[in-house]
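Examining the three-dimensional arrangement
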Amino acid sequence: MSGMRTRAVHGGRHDLSDIGVHAPPIDLSTTYPIPDQDSGGVALGELADGAERAASPVYARLHNPTTARFEQALAELEGTEQAVAFASGMAALTAVVQASCGMTGHRHVVAARPLYGGSDHLLTTGLLGTDTDFVDPAGVAAAIRPDTGLVVLETPANPTLDVVDIAAVVRAAGDVPVVVDNTFATPVLQNPADHGAAYVLHSGTKYLGGHGDALGGVVACSVERAAPLRQLRILTGAVLHPLSAYLLHRGLPTLPLRIDAAQRTAAELARRLAAHPRVCSVRYPGLAGQNDAGVLGRQLRGPGAMLAFEPDGDPHTVVRALDVVTPAVSLGSVDTLIEHPAALTHRLVGEDVLAATGVSASLLRLSVGLEDVDDLWDDLDKALRAG
Ligand SMILES: *Cc1c(COP(=O)(O)O)cnc(C)c1O
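The residue numbers shown here count from 1 along each chain, following its written sequence. In view of the model being predicted, local features appear only for residues whose pLDDT reaches at least 70, and side-chain atom pairs are presented and counted only at 80 or more, with totals across whole chains, interfaces and linings using the full set of residues. The side-chain values count all of the structure's non-hydrogen atoms but skip hydrogen atoms and water molecules.

A closer look at the environment of Leu348
As a reminder, the rule being used: Segments assigned H or I by DSSP are reported as helices when at least four residues long, segments assigned E as strands when at least two residues long, and all are numbered from the N terminus.
With respect to the element layout, Leu348 can be found in the loop between β11 (337–339) and α14 (351–356). When the C-alpha atoms of Leu348 and Ser88 are compared, they prove to be 19 Å apart, with 260 residues separating the residues in sequence.

Structure (structure tokens):
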């Protein structure tokens with residue numbers, strides 16, 4: 001197999017020279033001419049059964065060629081047979097829960113905390129008819145029941161940057177499929193399927209698109225697991241818009257370079273923050289003593305570009321004093337973003353849960369972008385002194 005950068009540039013573009021174009025076409029059709037309605041019906045039946053493609057897309061909720069190119073590219077980067085894209089990361093997680101629980105008659109989910117606030121809230125509310133036991137990663141084996149349909153894991157975790165040994169959780173889960181949210185690491189730094197994950201989930205809204213202008217989600221998995229996900233996508237209508245699919249696909253060629261540059265800056269900022277007199281603690285997998293599970297270098301190829309820290313002053317004063325760093329939720333964009341998890345991304349997770357999983361009231365999460373490191377440092381240093 002070719003290298004990561006080559007796959008990132010060429011993935012999902014193999015048919016372009018055959019059709020005589022350089023950039024992937026954006027197909028905005030909602031419907032497709034079907035002069036022979038019998039064969040159109042056959043195509044519809046095949047797609048409704050979960051086929052990856054058919055002789056005609058028939059209708060935009062069933063298939064879209066622009067989205068299919070992005071899916072192929074993402075599968076190549078994750079090293080899985082296929083990928084299925086959705087309207088958002090949450091739509092992707094919903095489909096994984098429905099495919100592994102609703103469609104199989106299993107009601108029980110085991111989820112390792114901490115998780116992205118939205119994922120935690122979806123499972124806590126039981127909105128999808130599931131009943132979830134939250135555990136720490138070491139507690140997965142003991143929580144599995146005969147009716148467990150899915151194990152949910154996120155590493156590095158949002159927002160604490162905890163790193164978890166995926167293979168150990170997969171072993172603990174036994175026959176139960178494990179979904180790993182790989183949004184923070186991206187396929188550049190980690191390929192959970194290589195460690196036994198059945199589903200690899202991304203909020204494409206973050207690093208994959210990389211420019212803060214496209215919402216989307218994607219699940220990389222085997223052919224066998226992809227078919228029910230496509231059936232669900234057709235029936236629930238959680239499709240990715242082709243314009244967004246184009247933008248997510250357009251983000252992939254620069255993904256390895258963006259991660260490399262942002263990671264370098266993040267490592268330097270983490271080191272400087274850890275030595276700053278107004279900072280109480282820094283969470284970053286690359287700092288000494290923060291690789292407990294020993295996964296950095298083995299499972300996780302680099303510490304990434306996300307970090308979290310506790311200022312000793314008021315976190316909201318610190319955020320207000322920033323000029324270069326963008327105060328906003330989301331992550332993985334070209335600009336550096338900062339947010340206060342307790343107020344925003346993790347607001348819907350109970351205070352007791354936040355405390356138990358290390359999300360303190362002062363913790364700030366930083367998604368390091370592509371600016372010059374010294375401009376970011378001057379901004380952070382000034383804001384910390386104001387806090
Ligand atoms: C943002 C995010 C999600 C949800 O994705 P959306 O595209 O916003 O629906 C899920 N997991 C993680 C880790 C995230 O950061």
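Some points on the sheet that holds strand β4 (residues 148–154)
To keep things clear, this is the line we draw: In this scheme, strands are said to pair when DSSP sees at least two bridges between them. For helices, the axis comes from a line fit to the C-alpha atoms of the stretch in contact; other axes are also lines fit to C-alpha atoms, and the angle between any two N-to-C directions lies between 0 and 180 degrees. Contacts are residue-level and defined by heavy atoms, with any inter-residue pair within 4.5 Å sufficient.
Overall, mixed pairing links the seven strands, which are arranged β1-β7-β6-β5-β4-β2-β3 in an open sheet. Two strands close off the open sheet at either side, each with one partner strand: β1 (82–86) and β3 (131–135). Geometrically, the sheet is characterised by an average inter-axis angle of 20 degrees between neighbouring strands, direction not taken into account. Examined bridge by bridge, strand β5 (residues 178–181) and strand β6 (residues 199–203) share three bridges and lie parallel to one another. When the sheet's bridge partners are listed, Val179 is paired in β6 with Tyr199. Taken strand by strand, helix α10 (residues 223–236) contacts β1, β6 and β7 (217–221), and its axis lies near 20 degrees from that of β1.

So, the packing of aromatic side chains
Stated precisely, the cut-off is as follows: Pairing of aromatic rings covers Phe, Tyr and Trp, the last through its six-membered ring, and needs centres within 6.5 Å; plane angles under 30 degrees mean stacked, over 60 mean edge-to-face, and all others mean tilted. Only Lys NZ and Arg CZ are tested; either one counts as a charge over a ring when it is within 6 Å of the ring centre and within 35 degrees of the ring normal.
The full count for this structure, using the stated rule, is zero aromatic pairs. When the ring centre of Phe134 is taken as reference, the NZ or CZ atom of Arg113 above it lies at 3.6 Å. The ring of Tyr116 has Lys206 lying over it, and the distance from NZ or CZ to the ring centre is 5.2 Å.

Digging into the site of the ligand
The line we're drawing: Whether a residue is near a molecule or strand is decided by its heavy atoms; if any one of them lies within 4 Å of it, the residue is near. Under the rule applied, a polar contact is a pair of N or O atoms within 3.5 Å (in protein, one hydrogen donor and one hydrogen acceptor; residues adjacent in sequence only if both atoms are side-chain atoms). Calculation of accessible area relied on Shrake-Rupley with a 1.4 Å probe; when residues are assessed, cover is drawn exclusively from the protein chains displayed. Ten residue types, Ala, Val, Leu, Ile, Met, Phe, Trp, Tyr, Cys and Pro, are classed as nonpolar, four, Asp, Glu, Lys and Arg, as charged, and the remainder, Gly among them, as polar.
Near the ligand lie 13 residues; those nearest to it are Met90, Asp181, Ser203, Thr205 and Lys206. Between the ligand and the protein, one listed contact pairs an oxygen atom with a side-chain N or O atom of Ser88 at 3.5 Å. Protein contact buries 93% of the 380 Å² of open area that the ligand shows by itself. Partitioned by chemical class, the residues of the shell around the ligand number three nonpolar, seven polar and three charged.

Considering the packing of helix α5 (residues 89–102) against helix α6 (residues 117–125)
Spelled out, the test is: Here is the rule for handedness: rotate from the far helix to the near one, and if that takes an anticlockwise turn smaller than a right angle the crossing is left-handed, while a clockwise turn gives right-handed.
Put simply, α5 and α6 touch, their axes get as near as 11 Å, and they point 35 degrees apart. In this structure, the crossing between α5 and α6 has a hand that is right-handed. Side by side, α5 and α6 meet where Met90, Leu93, Thr94 and Val97 of the first sit next to Gly118, Ser119, Leu122 and Leu123 of the second. Split by residue class, the contact of α5 with α6 holds five nonpolar, three polar and no charged.

Thoughts on the sheet that holds strand β12 (residues 364–367)
The strand order across the open sheet built from five strands is β8-β9-β12-β11-β10, with neighbouring strands paired in mixed fashion. The sheet terminates laterally at β8 (279–283) and β10 (326–327), the two strands that pair on one side only. As paired strands, β10 and β11 are joined by two bridges and run parallel to one another. Opposite Thr326, over in β11, you have Leu337 as the bridge partner. Contacts between helix α12 (residues 255–274) and the sheet are confined to β8, β9 (306–311) and β12, with β9 contributing the most and set at about 15 degrees to the helix.

Concerning helix α4 (residues 65–78)
The condition that has to hold: Residue count minus one, scaled by 1.5 Å, sets the expected span of a helix.
A rise of 1.5 Å per residue sets the reference length of α4, with its 14 residues, at 20 Å; its end C-alpha atoms lie 20 Å apart and thus fit the reference within 8%. The N-capping residue of α4, defined by a side-chain oxygen 2.8 Å from the backbone nitrogen of Thr66, is Asn64. In the segment just after α4, Gly79 is the residue with positive phi, at about 70 degrees.

Points about the pattern of salt bridges
Applicable threshold: A pairing counts as a salt bridge when a side-chain nitrogen of Lys or Arg comes within 4 Å of a carboxyl oxygen of Asp or Glu. To sort residues, take the accessible area from a 1.4 Å probe on protein chains only and compare it with the maximum for the residue type: under 20% means buried, over 50% means exposed, and anything in between is partly exposed.
Tallied over the entire structure, the rule returns 16 salt bridges. Here Glu268 and Arg271 are joined by a salt bridge, their closest N and O atoms 2.6 Å apart. Here the residue Glu268 and the residue Arg271 both occupy positions in helix α12, the gap between them amounting to three residues, near one helical turn. Judged by its relative accessible area of 22%, Glu268 falls in the partly exposed class. Where Lys382 meets Asp379, a salt bridge forms, and the shortest distance between an N and an O atom there is 3.0 Å. Placement of the pair is Lys382 and Asp379 together in helix α15 (residues 373–386), with a separation of three residues, close to one helical turn. The exposure class of Lys382 is partly exposed, given its relative accessible area of 36%.

In short, the description is geometric, and any link to function would need to be established separately.
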